[in-house]
Amino acid sequence: MPADPVPLLPAPIALPAPAVTVLSLGDGFWDEVAPATFPAQVLRFRNQRAAAEIGLDGLSDDAWLRAMARFQPLPDNLPSPLALRYHGHQFTNYNPHLGDGRGFLYAQFRAAVPPAPVIAGAPEGSAVPGALRLLDLGTKGSGTTPWSRGGDGRLTLKGGFREILAAEMLEALGVPTCRILSVVETGEELDRHDEPSPTRACVLVRLSHSHVRYGTFQRLASLRDRPRMERLVDYVLQHLHSSFPAPVLPPGVADTPVARLLATTVARAADTAAAWMVAGFVHGVLNTDNMNITGESFDYGPWRFLPHFDNDFVSAYFDHGGLYAYGRQPGMVEWNLHQLAAALSLAAPPGTAADAAAVLAMFRPAYARALAARTVWRLGLLPRDSAADQALAAAFYRFLASAPIGFDQAFFDWYGGTASEARAAVCPDAGRYTGPLFAAFYRLLSDYVPANPAALRHPAFQQDRLCSVLIGEVEQLWQQVSSHDRWDLLSEKVQQIRSWGSLLAGHTG
């Protein structure tokens, strides 16, 4: 006999009918699957802030585990989990054997877009605060599916721990990202070649604005399935891109569903790529199946943050050629967009190949504007105009490339511009703020004023130790969690990250 539905208090903003969920796509997009049965369920992380967006913050711990570890169907939602089908380019090699191999789509909700950091000039086509958007609960480590390809369908506890830190830090730095909603330890031991084994296991749930990937379109293109491709395009425009402003198409480009979808995706991808670069974040695995149609980054495996500026920095131990190195990320995102456009051509009207090329050409200028706007924002400055902001950003990164200064430290030292000169003069890297490249940056910086002068008086800027998530600290923190179950240290780190994010967003109270 099936279990009773989880008592949800308060009631979530659930999609009222299957006609407006992923089920409206019809068959051919997923496989119904059953979650794994775990020998234990120990709650290790519960994101109340994210849960509040969809009305799940009032769940008891027991109800939470029934939803996030046993995956009991939620009332008025998906009747069973769905493993999504997709293909993708992995390290530029096409793989037609992908799909959700250790995860599934568990539930969908509608919720209002929350306020975000005000980054003047970027992102183009960002979601409108207050607009209703579709949100997915997706899992990782929830068991095998038809797409597991011989894997065990599990996730290591360290993997879940690392995803929490990545998502929290990216959110704090204003990067479009999924949120990790829940991590539950499952009482299993796993053998992995990249971790000391046996190692502990967990199941993770992420909250994301869509799990429709570039590879979802690529699969339909590979199958030459035009009817489903057209259905997917309409679904994305109606349910996923509807909270974004209508895209501005290049002159001469026909206003078609494919052009609108591609233009919005280009704008979102350009901003996300810029956000990674300003955050000093290296995703590590920018395959087309790891790019989603709403521009949120997700699926954090071998990620790292830069210790110092280095275009050749690689985070994935298996990326031997450096394909997804820090400095190559924007180019790889653009390459992925070209693969998406090629797939979408199946549903495009005849004779519109030039339109796709014109839309794709929007990426580089959009990326340049977003990079500048986000750099100015992270430096805590009021923007001027796009040309001046781009010049400042270029000078800043030229200087960083020339000096062994901590990437996060440089943003910290010069937050607020020259108003922080006295503080920068006594920082650990003060002796490196010299030379012609620094002088060029400083001259441009002198034309800017702080966006939030009150922030400069905040206690966070009265100390040398800034908030960062470098690999050394991650490993030290994991050692305490793994060996001594010091989950309180993870909670403290998450709170520190959130406080830092609140400060960067302009909240100084």
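So, here is what we can say about the structure in this document. Here the structure is a predicted model, which means the values were calculated and not measured.

Things to note about the nonpolar core
Then step 1. One finds Phe-217 and Tyr-397 to be the most contacted residues of the largest nonpolar core, which totals 139 residues.
Then step 2. With 15 residues, the top contributor of residues to this core is helix 6 (residues 257–279).
Then step 3. Listed in part, the 29 residues of the second largest apolar core include Leu-65, Ala-67, Phe-109 and Leu-181.

Digging into the state of the cysteines
Disulfide: a covalent bond formed between the sulfur atoms of two cysteine residues.
Then step 1. Counted under the stated rule, the structure contains zero disulfides.
Then step 2. Cys-202 carries a free sulfur, and the closest cysteine sulfur to it, the one in Cys-178, is 14 Å from it.
Then step 3. Classification of Cys-202 by relative accessible area gives buried; the value is 1%.
Then step 4. The thiol of Cys-467 is unpaired, and the distance to the nearest cysteine sulfur, on Cys-427, comes to 17 Å.

Details of the pairing of strand 7 (residues 132–140)
Within a regular beta strand, the side chains point alternately toward one face of the sheet and then the other, so they alternate between its two faces.
Then step 1. Judged by how many residues are buried, strand 7 sits mostly within the fold: eight of nine residues are covered.
Then step 2. Pairing between strand 6 (residues 105–112) and strand 7: seven bridges, direction antiparallel. From the neighbouring strand, Gln-108 faces strand 7, where its bridge partner is Asp-136.
Then step 3. Taken together, the five bridges between strand 7 and strand 10 (residues 199–208) define a ladder with antiparallel strand orientation. In the strand pairing of strand 10, Thr-139 is matched with Val-205.

Let's talk about the packing of aromatic side chains
Then step 1. What the rule picks out here adds up to 30 aromatic pairs.
Then step 2. Judged by centre distance (6.0 Å) and plane angle (35°), the rings of Phe-412 and Trp-500 are tilted. Of this pair, Phe-412 sits in helix 11 (residues 407–413) while Trp-500 sits in helix 15 (residues 487–504), and the two are 88 residues apart along the sequence. Like Phe-412, the residue Trp-500 is buried in the burial classification.
Then step 3. By way of ring pairs, the aromatic residues Phe-309, Tyr-326, Phe-396, Tyr-397, Phe-399, Phe-407, Phe-411, Trp-414, Tyr-433, Phe-438, Phe-441 and Tyr-442 are connected into one cluster.
Then step 4. Over the face of the ring belonging to Tyr-448 we find Arg-384, whose NZ or CZ atom lies 5.6 Å from the ring centre.
Then step 5. The side chain of Arg-423 reaches across the aromatic face of Phe-412, ending 5.3 Å from its centre.

Conventions we followed
Residues numbered from 1 in each chain as written. Predicted model: local features only at pLDDT ≥ 70, side-chain atom pairs only at ≥ 80, totals over all residues. Heavy atoms only, no water. Core = buried A, V, L, I, M, F, W, Y, C linked by side-chain atoms within 4.5 Å. Buried < 20%, exposed > 50% of the residue type's maximum accessible area, 1.4 Å probe, protein only. Helix = DSSP H or I, 4+ residues; strand = E, 2+ residues; numbered from the N terminus. Disulfide = S-S within 2.5 Å. Pairing = 2+ DSSP bridges. Phe/Tyr/Trp six-rings, centres within 6.5 Å; stacked < 30°, edge-to-face > 60°. Lys NZ or Arg CZ within 6 Å of the ring centre and 35° of its normal.

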